[in-house]
Structures are given as structure tokens and as C-alpha cells.
Amino acid sequence: MSFPKGFLWGGATAANQFEGAWQEGGKGVSSADCITSGSRSKHRYLTYKDKDGNIVKADRFTLEATPDMEFGSFDECHYPTHRACDGYHHVKEDIALFGEMGFKSYRMSISWTRIFPTGMEEEPNEEGLKFYDEIFDECTKYGIKPIVTLSHYEIPIVLVNTWQSWVDARTIDCFCRYVKAVGERYKGKVEYWLTFNEINCMVFDSWTTSGVASIDPQKLAMVAKHELIASALAVQILHEIDANNKVGNMIGYAPSYALTCNPNDVLLAWQKGNDVYFFSDVQVRGYYPSYKLKEYGKNGIDIHLTEDEKEILRNGTVDFVSFSYYMTSCVSADPNAETLSEGNMIMGYKNPYLKSSDWGWQIDPTGLRIALNYLYDRYQLPLMIVENGLGAQDQLNPDKTCNDPYHIDYLRSHIQAMDAAINEDGVDLIAYTPWGCIDLVSVSTGEMHKRYGFIYVDYQDDGSGDGARYKKDSFYWYKKVIATNGEDLA
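What counts as what
- Residues numbered from 1 in each chain as written.
- Predicted model: local features only at pLDDT ≥ 70, side-chain atom pairs only at ≥ 80, totals over all residues.
- Heavy atoms only, no water.
- Helix = DSSP H or I, 4+ residues; strand = E, 2+ residues; numbered from the N terminus.
- Rg over C-alpha atoms; globule rule 2.2 N^0.38 Å.
- Buried < 20%, exposed > 50% of the residue type's maximum accessible area, 1.4 Å probe, protein only.
- Pairing = 2+ DSSP bridges.
- Polar contact = N/O pair within 3.5 Å; in protein donor to acceptor, adjacent residues only side chain to side chain.
- Contact = heavy atoms within 4.5 Å.
- Axes fitted to C-alpha atoms, helices over the stretch in contact; angles between N-to-C directions.
- Salt bridge = Lys/Arg side-chain N within 4 Å of Asp/Glu carboxyl O.
- Arc of directions from axis to C-beta.

Which residues make up the overall build of the protein chain, and what values go with them?
Of the regular secondary structure elements, the protein chain holds 14 helices and 19 strands. On C-alpha atoms alone, the protein chain measures out to a radius of gyration of 21 Å, which is about the 23 Å that the 2.2 N^0.38 rule sets for 490 residues. Counting only C-alpha atoms and orienting by the principal axes, one finds that the protein chain spans roughly 55 × 55 × 50 Å. Split into buried and exposed, the 490 residues of the protein chain put 60% on the buried side.

Okay, structure coming up:
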């Protein structure tokens, strides 16, 4: 096994799942702050105040917002992101632990509402800017390159309540002002940027991804258009600020297998792939693909794409492709096929050849090799795996150790698949940042109980715990993997 020299081993977090301190340092309320706690068997709900002043918990997957709904956080409800893992107050400690593991990179996000609390300000919040200065300075101390996501599952709630966030084109200007502010502030400190986290997942959960409570196809098509234009503009802004900046996209990716060799199953698998590829096709190639325009026409959707907007897309193509990979899915034309499996917003029929995690996500390291080949063959750009991992029920021992061999087994098998893709298939993979390198709040269930990290954070779902950090067995294993550049996986 041999990974490229300078390979960016690291780990990944997101501000809304990790930082907490939701009202400190001048931070405004974000869309992520308005989703309640949940579990595998209990939905997370979106909260708003109706026209009569009543607090309502709604299903974010089916809610269609109306002008008299005021989305927000309310004392009657529990929101796990408000404290999260309290990363806001543990910057030096946490990054020192990443440094001890030997991280070469740290994929993280900037909270938009720490920089522009309502999204409408003309000038950024200095206290928020200083907070990320501290993070980047600590990363520099340990030789860690930040990989920064600009929009990771949150948007200022004021933009949501004022004009339905990304449904309205005015959000593009607010976003560009934010991108310009952080790009200028962190010039020389940040080289790698991602525009939108899992942008394609807005098809399944438009609130979590985009702060949009809607299932209306026309609205969602406009949300996609506005985010794609904003992404292209962000690429241009960051390139203009610093020619050394490298800007990528980020999609949630899970190859879809045909459940059988029935040609109808194969056709469905291909069609489902297009649903994922659409966003990256635009971000890499700089234009709307014909299959998407045909689909819009068949469904009576008009995105009013102007010549100026087409030029923006052409001029704002990304430098690399990044993606999350947790699992694969199966599709079938047979309505009696085996029960749907659970997964990272990408649902499908159960694959009889794969085992599943405690949360029903099927484990498929070979699928990662397939994913890498599919994406590299399609785009011929450097790839980053910026999320990959296993959510599990870790237990802290009385001596404050944590034995997590299942995490090691999962990561080992996926790193072996990466090696095969690089050395046998010729894929240009430049980074690997496993998800939740330190325990954080699960976006799908709102739990701390579902743990991914190399570092155990002593917070529990009932609110107990002191937030202390403890090294798991996987911490020492991953440290050895990085030190040997992926050669020693024992």
C-alpha cells in the first residue's frame, strides 16, 4: 500500500453539530438551531410560531411554509445544537488532539451566523471572525491545513423568515458578501474551500440543507439554481482574492446498485444516479445537463435561466470534487422488494450481501472504490473524501478508555478500498477526512449516542456529562495510519 506523498489525512466536523455556544460571540440564530432532538425511532422536528402565537413542532420533510410561520428556537423545546460538543470553548484542546494524531488536514465549517448574524449586515461580526482566526492559527501551529465548508447545513433564520432563504435570489448577494468577508480575512490561512455541503441532499431534506420548508418542485428547482449560481460566484470570489485558493464542491454520494439484472432495475439505478450527478455536473462542467432540462420541461418547471446566469456557471467551475460516502443503496422496479433500508438521506432497498450498522446503514467498503472510480471517470478532477465513518454506541470504561474495534474495522476496510482505487485503478485521491473525528451531534437523529469519533466527548442525550475529551482505541490506530501514510493498518 502506498498513498501519495502529501496525502491529506485528517478528520471532519461541522460548526452546527460541534461548536455549540449558539448565542455567544454575537452569533445569530441559524436554521440548524431550530431543529429539535430526536433518535433513531423519533423524528427531529422543525419549530415555528404560528399566527396565533402557538409553538408548533412540524415534520421538516413534509412541511410547506406559509408567510405567517415564524421559524425559531423556543424555550419549550430541546435543541441539541445549542450546546453540541461545546467545541467553541475547547479550540486549543481539540486541535491539539488532532495534532497529536498527526492530522494533515481538518475539514470544518464556518458558521455563517457567527460572521453575519442575520445575513443582512453590511459589515461582518468581528468577534466571530476572531474565533475562526484562533482555529486557523492553532491548525497552523500543528501543520494542519483547514478544508473549510462555507455553508454546512445552516443559514441565518432571518433570511428564512424574511424571504424563504434560497427560494429568493437575494440570498445570493448575502452569501457572496459572507464569502468575500471570510475569503479576505483568512487569506493565507485557508487554501482549500468547499461551497455547499451535500448540496444534492436538498432534494430529500430542503430544510436541513437550505433552510427551505417546502416540497414544491418549482421552489426546489429555484433553490437549486440559486445555490448553484452562488457556488459559482464563490469560486470566482475566492480565486480573485487569492490565486492559491482551491475551491471544490461537495455532494452526498452513494452509488445505486440495481437489485437484480432486470433491465428495469438497471434503468432505475441509472436514473437515480442522475439525481445525484446533476449538481456536480453543473459545478464541474459549468452548465445544466440536458437530462435535467428535459425533466424540468416534462414537469412544467421553469427556472428562468438567463444568459448572464449561464455565464456565471461557466466561469465558476470547481477545482476539485469532494464527497461524503457512508453506504450504497439498491433500487428495484419490484414494489415487493425487501424493506427499505435507512441511510444518509439516500434511501434504497436492502442489499442482501451487506451487513448493517446499529442504525441500519449498510456497510460497503467496495462501494467506496466504485464511488471513487465513478466520480473520477466522470470528472477527471482530484477527489477528496470529506466524510466517511460509522455511527456506533461507544461506551466509556471506568478507567476512561474506550474500546471501539468496529470503528477501526470500518475505517481499515474503507482505506483499503481507497488504496485499490489509487494504485490499481489510477484515481487521483488527495484527501481523506473521516466524519466526526471527535464525537458530535448526529444531523439525522440529533443524538450524541450515535458516535463516530476518535475522541469520546462526555455529553449524553439526557444532557448529562461534563464535556471532557477521552482518546478511544481508534485514536491510537489512526495516529499510526497517518504516521505510516496508510501503510500500517494493523
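Here the narrative resumes.
Kindly report on the pairing of strand β10 (residues 320-324), identifying the contributing residues and their values.
Most of β10 sits out of view: 5 of its 5 residues are buried. Note: strand β8 (residues 246-252) against β10, 5 bridges, orientation parallel. What sits directly across from Gly248, in β10, is Phe320. Judged from the 4 bridges that link them, β10 and strand β16 (residues 383-387) form a sheet pairing that is parallel. Each bridged residue has a counterpart across the sheet, and for Ser322 the counterpart in β16 is Met384.

Report on the side chain of Asp394, specifying residues and quantitative values.
As for its placement among the helices and strands, Asp394 is situated in the loop between β16 and α13 (405-423). Here Tyr406 takes part through its side chain, which lies 2.6 Å from a polar atom of the side chain of Asp394. Non-local contacts of Asp394, meaning those with residues more than four positions away in its chain, are made with Cys402, Asp404, Tyr406, His407, Arg451, Tyr456 and Lys472.

Can you break down the sheet that holds strand β6 (residues 145-151) residue by residue, with the values?
Sheet architecture is closed into a barrel: 8 strands sit in the order β1-β5-β6-β7-β8-β10-β16-β17, paired in parallel fashion. When strand polarity is set aside, the average angle formed by the axes of neighbouring strands in this sheet is 30 degrees. Pairing between strand β1 (residues 8-12) and strand β17 (residues 429-432): 2 bridges, direction parallel. Along β17, the bridge assignment pairs Leu8 with Ala431.

Tell me what's going on with the pattern of salt bridges, and back it up with residues and numbers.
Pairs may arise between side chains of opposite charge once their charged atoms sit close together. A full pass over the atoms with the stated rule returns 30 salt bridges. In this structure, Lys246 engages Glu191 in a salt bridge whose closest nitrogen and oxygen atoms are separated by 2.9 Å. Here Lys246, found in strand β8, pairs with Glu191, found in the loop between α6 (170-185) and β7 (192-196); they are 55 residues apart in sequence, far enough to count as distant. Looking at Lys246, the relative accessible area reads 33%, which means it is partly exposed. In this structure, Glu309 engages Lys225 in a salt bridge whose closest nitrogen and oxygen atoms are separated by 3.0 Å. With Glu309 in helix α11 (residues 307-315) and Lys225 in helix α8 (residues 217-241), this pair connects stretches of sequence that are 84 residues apart. The network of salt bridges with shared partners includes Glu126, Asp133, Asp137, Arg185 and Lys189.

Describe the side chain of Glu154, naming the residues involved and giving the relevant values.
Assignment of secondary structure puts Glu154 in the loop between β6 and α5 (157-163). Reaching out from Glu154, the side chain makes a polar contact with the side chain of Ser30 at a distance of 3.2 Å. Ignoring anything within four residues of it in the chain, the contact list for Glu154 reads Ala15, Asn16, Ser30, Ser31, Ala32, Ile110, Ser111, Trp112 and Thr208.

Explain helix α2 (residues 91-101) to me, using residue names and the numbers behind them.
Considered for burial, the residues of α2 that qualify are Val91, Asp94, Ile95, Leu97, Phe98 and Met101. In a view along the axis of α2, the buried residues occupy a sector of 150 degrees, so they form one face of it. Where α2 is buried, its residues touch α1 (15-18), β5 (105-109), α4 (126-141), β18 (455-457), β19 (469-471) and α14 (473-483).

Would you mind going over the environment of Lys272 in detail, with residue names and values included?
Mapped onto the elements, Lys272 comes out in helix α9 (residues 263-285). For the pair Lys272 and Pro255, spaced 17 residues apart in the sequence, the C-alpha separation amounts to 8.9 Å. In this structure the side chain of Lys272 is engaged in a polar contact, spanning 3.3 Å, whose partner is the side chain of Ser329.

A description of unusual backbone geometry should follow, citing residues and the corresponding values.
The phi dihedral of Ala21 falls on the positive side, at around 45 degrees, and the residue is not glycine. Considering the arrangement of structural elements, one finds Ala21 in the loop between α1 and β2 (46-49). A positive phi is found at Gln380, a non-glycine position, where the angle reads about 55 degrees. Within the secondary structure, Gln380 sits in the loop between α12 (365-379) and β16.

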